[in-house]
Amino acid sequence: MDNLYLGYPKRQGSPPDLNHLLYLYTMEAISSIHIESTPRSRINDVDISKALFGSVATDHMFVADYAGSTWNNSQIKPFSNLSLSPFALALHYGQTVFEGMKAFRMHDGSISLFRPDKHYQRFCRSLERMCMPLVTEELFVSALHELVSIDRQWVPVGEDSSLYLRPFMIASEAKMGVKVSDEYLFMVVGCPTGPYYSKPLRLKVETQYIRSAEGGTGYAKCGGNYGGAFYPTVQANHQGFDQVLWTDGKENRYLEESGTMNVMLITGNTLITPPLSFTILDGVTRDSILTMARDNGMDVQERKVSVDELEQVLASGKNVELFGTGTAAVIAPIKEISIGESIYSCYIGEDSTMYSLKQQLLDIRTGKAEDLYGWNYILA
Ligand SMILES: Cc1ncc(COP(=O)(O)O)c(C=O)c1O
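First, a word on what this report is: a plain description of the structure on this page. What you see is a predicted model, and the numbers here were worked out from it, not measured in a lab.

Another aspect to go through is the overall build of the protein chain. Secondary structure assignment for the protein chain yields eight helices and 18 strands. In terms of principal-axis extent, the alpha carbons of the protein chain reach across some 60 × 50 × 45 Å. By residue count, 42% of the 380 residues in the protein chain fall in the buried class.

What follows is about the packing of helix H6 (residues 284–295) against helix H8 (residues 353–365). Viewed as axis vectors pointing N to C, H6 and H8 meet at an angle of 105 degrees, and their least axial separation amounts to 10 Å. With respect to their mutual orientation, H6 and H8 come out roughly perpendicular. On H8, the residues that touch Ser288, Ile289, Met292 and Ala293 of H6 are Leu357, Gln360 and Leu361. Taken together, the residues of the contact of H6 with H8 break down into five nonpolar, two polar and no charged.

Turning our attention to the pairing of strand E12 (residues 261–267). With respect to burial, E12 is a largely interior element, six of its seven residues being buried. Where strand E11 (residues 257–258) lies against E12, two bridges are found, and the strand directions are antiparallel. The partner of Ser258 across the bridge, within E12, is Met261. In this antiparallel pair of consecutive strands, E11 and E12, the connection spans two residues, and Gly259 shows a positive phi of 55 degrees. Pairing geometry for E12 and strand E13 (residues 270–273), over three bridges, is antiparallel. Within E13, the position partnered with Thr267 by the bridge is Thr270.

Close to the ligand lie 13 residues; Gly283, Val284, Thr285, Gly326 and Thr327 are nearest. At the level of elements, E12, H6 and strand E15 (321–326) are the ones that each hand at least two residues to the shell around the ligand. The dominant element in the shell around the ligand, judged by the number of residues it contributes, is H6, at three residues. Class assignment for the residues of the shell around the ligand results in three nonpolar, eight polar and two charged.

Another aspect to go through is the pairing of strand E14 (residues 299–302). Pairing of E13 with E14, which is carried by four bridges, proceeds in the parallel orientation. Along E14, the bridge assignment pairs Thr270 with Asp299. For the crossover from E13 across H6 to E14, the handedness is right-handed.

On to helix H4 (residues 137–150), then. Along an α-helix, residues three or four positions apart point the same way, because every turn accommodates 3.6 residues. Between its first and last C-alpha, H4 extends 20 Å over 14 residues, near the 20 Å set by a 1.5 Å rise per residue. With respect to burial, H4 is a largely interior element, 11 of its 14 residues being buried. Those residues of H4 that sit buried are Glu137, Leu139, Phe140, Val141, Ser142, Ala143, Leu144, His145, Glu146, Leu147 and Val148.

Attention now goes to unusual backbone geometry. Even without a glycine there, the phi angle at Asn73 is positive, about 55 degrees. Note on placement: Asn73 falls in strand E3 (residues 70–78). Overall, the presence of 12 C-beta atoms within 10 Å leaves Asn73 in the exposed class. Positive phi values are uncommon outside glycine, yet Arg115 reaches one of about 50 degrees. Note on placement: Arg115 falls in the loop between strand E6 (111–114) and helix H3 (116–129). Judged by local crowding, Arg115 falls into the buried class, with 23 C-beta atoms found within 10 Å.

Another point: the environment of Val180. Relative to the elements of secondary structure, Val180 occurs in the loop between strand E7 (162–171) and strand E8 (184–193). Placed 91 residues apart in sequence, Val180 and Leu89 show a C-alpha to C-alpha distance of 8.2 Å.

As a packed pair, H3 and H4 sit with axes 10 Å apart at the nearest point and diverge in direction by 125 degrees. In this view, H3 runs oblique relative to H4, as classed from their interaxial angle. As H3 packs across H4, the resulting crossing turns out to be right-handed. Within the contact between the two elements, H3 uses Pro116, Tyr120 and Phe123 and H4 uses Glu137, Phe140, Val141 and Leu144. In terms of residue class, the contact of H3 with H4 is made up of six nonpolar, no polar and one charged.

Calculation criteria
- Residues numbered from 1 in each chain as written.
- Predicted model: local features only at pLDDT ≥ 70, side-chain atom pairs only at ≥ 80, totals over all residues.
- Helix = DSSP H or I, 4+ residues; strand = E, 2+ residues; numbered from the N terminus.
- Buried ≥ 20, exposed ≤ 12 C-beta atoms within 10 Å, placed from the backbone.
- Axes fitted to C-alpha atoms, helices over the stretch in contact; angles between N-to-C directions.
- Parallel < 35°, antiparallel > 145°, perpendicular 65-115°, else oblique.
- Contact = placed C-beta atoms within 7 Å.
- Nonpolar A, V, L, I, M, F, W, Y, C, P; charged D, E, K, R; others polar.
- Pairing = 2+ DSSP bridges.
- Near = placed C-beta within 6 Å.
- Right-handed = clockwise from strand over helix to strand, strands pointing away.
- Expected span 1.5 Å × (residues − 1).
- Left-handed = near helix turned anticlockwise from the far one by under 90°.

Written out as C-alpha cells, the structure is:
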C-alpha cells in the first residue's frame, strides 16, 4: 500500500496540530464558496433524532464542477435534484467515487468533523485508481466545513447520532463512448443518522463469489465495488444472513471484509484483523480502533486470517468477539457466523472489549475524553 500515489500535499506538524493547520488553510478556501441559502428550512418537518440512515437530506448541498482541467464554481445551494445528460459518462462506465464520514455534536455544543484528513487521503487514492481529477485538501475540507456550518441544526444530539456526510465525485461529461471523462462534479451532501444496525449481525463466510481481486479496485471507494457486491449479499439475505464476510479472490481462503465494514476478532488480549492490501478498504474506523487498542496495551496483529483459523478459534470454546468496524456502523457485533455447513456463535456479552473500544471512540468524538490523536476537526 505504501507505494500508492498520494497526490495530496503533506502538512507539517505533530498530530494534535494537524487539524488546526488544516482549519487555517480551510478558512482561506471558504471565502471562495458562493452561498445560496434555502428560503425555507425543512428542519421542523422532520424528527432528526429518529431519521433512518440515508433517508432525509439536510437543507443544502455543496457542488463544484471540473472542466478545462480546473475546479470551478464552488457553491452551496439548496438540496435539489441534479440536471445531467443521459449521456453522462458516470451513468454508463462507472467513474464514480465517494467517501463516507461523520460530523458529531460535542458535549459542549460545538461540532466536530471526524478525521477529515484521513478521509481526504482515501478519496485521493480512490480518484487516482478511477482516473479522476484530485481536489485539493482545502477544497475538500472547506466544502465539508461550510456545508456543516450552514446546516449545523441538522447535527443531532446524542452519542449514537451524528450527521453522516457524503463527499463524492461523478463523471459528468455528456459523451456516449468508453473514455475517461473530461468533466466532473464534486459534491457533498449530508443526512442525520442514529445507530446503523439495531442488533448484532449474522454473517455468512462467502466462498463462491468475490468482491475484489489483486490488481482490481477493492481498495478504492468506487461505485462498482458496491454494485457488484449486491447479488451475493441478497443471496445471503435470502438465507437469513445480514451480510457476507468476503474471502480473498484467489483461493477463497483468507478473510477480507464485510459489507461496508472491516472485520476484527478479539480473543483475550489479542486483536487480529486482515492486513491492508489492494483488495480491501483502508477503513478510518479500523485505523482508529487499532490505534486505541495498541495504546490500551492489546496485542494487535494485522495479518492474514484463514477461514480454517477462524473456524478453529470459534470451535475452541474460548470467548471470541467478532465484529465489523465502519463509519456508518462504528462497531457492529457479530453474533453468529456460518462457515460451510456449520454455524458458530461469537461472544457478545456486555463486558466485551469491542464495546469498551466503541465507547472510547465515542468519548473522543464527543469530547468526553481528551483527543490525544488530533482526530477531531472542530468547527468554530
Ligand atoms: C467496503 C468497505 N469496507 C470498509 C469500510 C469501513 O471504512 P470506514 O471505517 O472508513 O468507514 C467501508 C465504509 O466506508 C466500506 O465501504
